[in-house]
Amino acid sequence: IIILKVPAMPKSIAHQVTALYEILQHEFALLPTGRQLPAYRALLKKYGCSRQTLSRTLQLLIENGVIYSEERSGIFASGKFTSDLYRILFIRVDWCCEHADRFSEAIRREISKRRNFHYIELRYPPQNCDSFLEQIDKSSADLLILWPEELSFTSLQRLSSLQLPLILFDSGIMLPNAAILDIQEELAGMMAAKYLVNRGHRRIALAITEPKGLTCRKKINGFMDYLYLAGIVPHVIDIELSGGEASQSASYEFFTYWLQRNRVDFSACFVLSDYTALGVIRAFQDTGYQVPKDISIIGCQGEMAGERSQPTLTTIIFDAEKVATVLATGIDEVFAGGTFGIRRIPPILIERNSVISLPLVKASPPSG
């Protein structure tokens, strides 16, 4: 615990100084001894504060031993608090993805409750995970959580050799000595397919949001495999988006155009994202279809029951809060000398009114 020695300061900036101190103390306390800080102007630009606020904050950091100043050389990190904190580094892809952002926020919030943990999130450019990971070494953190979308065998080998506690988040990848947190994306796809089949649907479509993303591919595989075993070949519609989940507006525009030029020969559709599904529902409604009377939609990734929920959308949800709690608890155990192992958290199906009642039809066995 760092006890602040706060000298008298103008009340007008006291709150700003306190807030900035909390930010800089966490960042600078983790730097190795002697690491030079950015220039004064760079700090002003980065944190968007006044010169007076930054000056008072830096003075407090010096007085409390977080940093020290050398005349004509600059300001440097003391490194004296590094051993008191465990650095938790979470790495995920940098794209517009409501599903991933919800997990990021829940994990940050849960891990930040631990006073001896310092949580950092870094995002790698899409399709550029390997070169980004080349910059990560054992000194980067005390524990690494990696949520990869694309990862080469070379990067896997390198991660194995780092001797850094590693948790692979929802990747389907297994490495020696690496822990695994699996939110079972394949099961979500299977649950959606089973739900539709059990309610009599045999003409089923799959609307693909992000075909290159690992998490989407896992849902697609589970959905397709279940339907194939039931003797059903789904109609596949590629929404032609990449770099993250589709927004409602993008999916609405695509499906409005698609519906004007194609015949709807399916009675149910699985959409990989709830945000996308809401756009699809709106497109059907605006082109003269009734949901769920004419078409049934089932979504995924968790538009939880609440004010924003679409009453006609049955959905498969991933409980981000539960995932964050399981993850943080496992990290506690790792630093206490235990093991994380493999932890699986199944998705949940929230049924609303999206599926029409059809006579059950016995599925034909798959050919071959």
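The preceding data block contains the structure.
Residues numbered from 1 in each chain as written. Predicted model: local features only at pLDDT ≥ 70, side-chain atom pairs only at ≥ 80, totals over all residues. Heavy atoms only, no water.

J.: I tried to follow the sheet that holds strand S11 (residues 296–300) on my own but got confused; where do I start?
T.: Adjacent strands of a sheet pair through backbone hydrogen bonds, lying either parallel or antiparallel. Across the sheet, 6 strands lie side by side as S9-S8-S10-S11-S12-S14; this open sheet has mixed pairing. The strands lining the two open edges of the sheet, one partner per strand, are strand S9 (235–238) and strand S14 (348–350). Averaged over all adjacent pairs, the angle separating strand axes in this sheet is 20 degrees, with direction ignored. (Pairing = 2+ DSSP bridges. Helix = DSSP H or I, 4+ residues; strand = E, 2+ residues; numbered from the N terminus. Axes fitted to C-alpha atoms, helices over the stretch in contact; angles between N-to-C directions.)

J.: Help me understand the packing of helix H7 (residues 185–198) against helix H8 (residues 214–229) in this model?
T.: Each packed pair of helices is defined by two parameters, the angle between the axes and the distance between the axes. At a closest axis distance of 7 Å, the pairing of H7 and H8 adopts a crossing angle of 35 degrees. Note on packing geometry: the crossing formed by H7 with H8 is right-handed. Here H7 contributes Glu 185, Glu 186, Ala 188, Gly 189, Met 190, Ala 192, Ala 193, Lys 194, Leu 196 and Val 197 to the contact with H8, which in turn contributes Thr 215, Lys 218, Lys 219, Gly 222, Phe 223, Tyr 226 and Leu 227. Counted by class, the contact of H7 with H8 contains 9 nonpolar, 3 polar and 5 charged residues. (Left-handed = near helix turned anticlockwise from the far one by under 90°. Contact = heavy atoms within 4.5 Å. Nonpolar A, V, L, I, M, F, W, Y, C, P; charged D, E, K, R; others polar.)

J.: How should the pattern of salt bridges be read in this particular structure?
T.: Two side chains bearing opposite charge may form a pair once their charged atoms approach each other closely. Scanning all chains against the criterion turns up 16 salt bridges. The salt bridge involving Asp 182 is made with Arg 344; its shortest N-O contact spans 4.0 Å. Residue Asp 182 is located in strand S7 (residues 179–182), and its partner Arg 344 is located in strand S13 (residues 342–344); the two are separated by 162 residues in the primary sequence. Relative accessible area serves as the criterion here: at 55%, Arg 344 is assigned to the exposed category. Between Lys 219 and Glu 185 there is a salt bridge, with the nearest N and O atoms lying 2.7 Å from each other. Here Glu 185 lies in helix H7 and Lys 219 lies in helix H8, a separation of 34 residues in the sequence. Summarising the burial analysis for this pair, Lys 219 and Glu 185 share the class buried. One network of salt bridges, in which partners are shared, links Arg 92, Asp 101, Glu 121 and Arg 123. (Salt bridge = Lys/Arg side-chain N within 4 Å of Asp/Glu carboxyl O. Buried < 20%, exposed > 50% of the residue type's maximum accessible area, 1.4 Å probe, protein only.)

J.: Even after reading the chapter, I still don't get the packing of helix H2 (residues 40–47) against helix H3 (residues 51–63), so can you show me in this structure?
T.: Axis separation between H2 and H3 bottoms out at 10 Å; the angle between their running directions is 115 degrees. By the criterion of interaxial angle, the relationship of H2 to H3 is roughly perpendicular. As for the relative orientation of H2 and H3, their crossing is right-handed in sense. Seen from H2, the contacting residues are Tyr 40, Leu 43 and Leu 44; seen from H3, they are Arg 51, Leu 54, Ser 55 and Leu 58. Classifying every residue of the contact of H2 with H3 gives 5 nonpolar, 1 polar and 1 charged. (Parallel < 35°, antiparallel > 145°, perpendicular 65-115°, else oblique.)

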